[in-house]
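Residue-level listing of the chains:
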Amino acid sequence: MIILENISLKPYNTFGIQAEARVFAEMHTLQDIQTFLNTAKYKGRQKLILGGGSNILFTKDFEGVVMKINTKGILKIKETEQHVWINTQAGVVWDDFVIYCLENNYGGIENLALIPGNVGACPIQNIGAYGVEVKDTIESVEVINMQTLQMFELHNNECDFGYRNSIFKHELKDKVIIISVNFKLSKKHQLHIEYGAIKEELTEHEIFKPTIRDVANAVSNIRRCKLPDPKDIGNSGSFFKNPSVSEKDFKKLISLFPKIPSYAQTDGTYKIPSGWLIEQCGWKGHREGDAGVHKDQALVLVNHGNATGSEILDLAGKIQKSIIEKFGINLEMEVNVI
Ligand code: EPU
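A brief structural summary. On a predicted model such as this, the values are computed, not experimentally measured, just so you know.

1. Some details on the overall build of the protein
Here is step 1: In terms of regular secondary structure, the protein is built from eight helices and 20 strands.
Here is step 2: For 338 residues, the compact-globule formula gives about 20 Å, and the C-alpha radius of gyration of the protein, at 21 Å, lands near that figure.
Here is step 3: For the protein, the C-alpha atoms occupy an extent of roughly 60 × 50 × 35 Å along the three principal directions.
Here is step 4: Expressed as a percentage of its 338 residues, the buried residues of the protein come to 50%.
Here is step 5: Summed over its atoms, the accessible surface of the protein is roughly 16300 Å², and 49% of this surface lies on carbon and sulfur atoms.
Here is step 6: Each charge class in the protein can be summarised by its mean position, and for the 38 positive and 41 negative side chains these summaries are 2 Å apart.

Encoded structure:
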């Protein structure tokens, strides 16, 4: 295990924000994690668990210890004719896992191709895209208690999964480290291609009987067109969640803004795309210094080079204020602000 002091976190967050960690330790095995948690020197110190750094905004240096989880390994546990059970270590890059599944013809996460981040982070915010959420394939999550070092497993129904939400953002926040995730994937596939652009993309390529790889390719093409690559411009994907409004509020909104896009939810509420709200307030492509709103997707805030986390946060605050003033809607941030 490598332990370093006063390390720049710039290479470790996809926003590309400059901030320092007083202590930075990279964990390659479960034993590394246990040994580090047990080291007296680090026991009382605040800890930040870092995966791919794709959903984090640093607004200041981190005075505690950063534990970068780099454990690797994908293990087939069992299979039947219909399904396969796979245990994947937290430090595996999410898209590497998607590729592994495509290569082995295991279905269920093909719509989640090209999402940045690591496997250990996927249950925390229940990553989702193009009509699929990762909770649909998670059987259980293995964690270690940071205080007691006790390991335990949470089954899917104990994870309180919701839209970009889970128990790991609430009751278990800062209490456990996710060690690995157990997935249940399909060998007889049920494709989800209803989500508008996927069908169009497949039709355009004259694919009428798609495989899971075709679906993943279609999703990747759409994402590459719509979402900026952190390698080219710092960002952390959707900066805000899409808000839900009550039926009563939605009726009021649609009478004022007849073109407002919406998705009716099973609980009677309506989900509104934040990107549309932000664009309507004139923010798309807006830039303040090096902090900006992406020119093609208003839901994504970007770092044009040397923005600070506070500058990005200031811009986010202005956006939130304008959305409240125009639509009466409170936009919640999806990104973790440190
Ligand atoms: N829209 C605009 N202007 C914009 C962006 C979007 O008007 O600048 C409107 C369009 O009308 C579009 C609608 O918003 O039809 C929805 O846009 P899109 O299908 O791109 O999805 P999204 O709501 O912007 C969500 C997820 C994404 C995920 C896509 C596809 C959230 C917060 N974001 O975005 O997730 O890839 O759906 O399923 O739910 C992420 O979490 O980092 C992420 C990228």
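So, next bit.
2. Looking at the side chain of E334
Here is step 1: Relative to the helices and strands, E334 resides in the loop between α8 (309–327) and β20 (336–337).
Here is step 2: Taking the relative accessible area as the measure of exposure, E334 reaches 6% and is therefore buried.
Here is step 3: At 3.4 Å, the side chain of E334 forms a polar contact with the side chain of R164.
Here is step 4: Other than its neighbours up to four places away in sequence, E334 contacts N55, Q125, R164, K169, S238, F239, F240 and K241.

3. Quick word on the sheet that holds strand β1 (residues 2–8)
Here is step 1: Pairing in this open sheet of four strands is mixed, and the strands run β1-β2-β5-β3 from one edge to the other. Since the sheet does not close on itself, it has two edges, and those belong to β1 and β3 (47–50), each with one partner. Geometrically, the sheet is characterised by an average inter-axis angle of 30° between neighbouring strands, direction not taken into account.
Here is step 2: Bridge analysis of β1 against strand β2 (residues 20–27) gives six bridges, and the strand direction is antiparallel. From the neighbouring strand, I3 faces β2, where its bridge partner is A25.

4. Considering the packing of helix α3 (residues 94–103) against helix α5 (residues 212–226)
Here is step 1: Look at α3 against α5: their axes get within 9 Å of each other, and the N-to-C directions meet at 150°. By the angle between their axes, α3 is roughly antiparallel relative to α5. For the crossing formed where α3 meets α5, the hand is left-handed. Residues C101, L102 and E103 of α3 form the contact with α5, whose own contacting residues are I212, R213 and A216.
Here is step 2: Its residues assigned to classes, the contact of α3 with α5 comprises four nonpolar, no polar and two charged.

5. With respect to the site of the ligand
Here is step 1: Around the ligand, a shell composed of 25 residues is seen, among which Y130, Y163, R164, E279 and A298 lie nearest.
Here is step 2: Q297 is positioned such that a nitrogen or oxygen atom in its side chain is 3.2 Å from an oxygen atom of the ligand.
Here is step 3: Burial of the ligand by the surrounding chains reaches 82%, relative to a free accessible area of 810 Å².
Here is step 4: At the level of secondary structure, the elements contributing two or more residues to the shell around the ligand comprise β8 (128–129), α5 and α7 (274–280).
Here is step 5: Broken down by element, the shell around the ligand gets its largest block of residues, three residues, from α7.
Here is step 6: Among the residues making up the shell around the ligand, the classes are represented as twelve nonpolar, six polar and seven charged.

Criteria and cut-off values
- Residues numbered from 1 in each chain as written.
- Predicted model: local features only at pLDDT ≥ 70, side-chain atom pairs only at ≥ 80, totals over all residues.
- Heavy atoms only, no water.
- Helix = DSSP H or I, 4+ residues; strand = E, 2+ residues; numbered from the N terminus.
- Rg over C-alpha atoms; globule rule 2.2 N^0.38 Å.
- Buried < 20%, exposed > 50% of the residue type's maximum accessible area, 1.4 Å probe, protein only.
- Areas by Shrake-Rupley, 256 points an atom, 1.4 Å probe, with all protein chains shown as cover.
- Lys, Arg positive; Asp, Glu negative; His and termini not counted.
- Charge placed at Lys NZ, Arg CZ, Asp CG, Glu CD.
- Polar contact = N/O pair within 3.5 Å; in protein donor to acceptor, adjacent residues only side chain to side chain.
- Contact = heavy atoms within 4.5 Å.
- Pairing = 2+ DSSP bridges.
- Axes fitted to C-alpha atoms, helices over the stretch in contact; angles between N-to-C directions.
- Parallel < 35°, antiparallel > 145°, perpendicular 65-115°, else oblique.
- Left-handed = near helix turned anticlockwise from the far one by under 90°.
- Nonpolar A, V, L, I, M, F, W, Y, C, P; charged D, E, K, R; others polar.
- Near = heavy atom within 4 Å.

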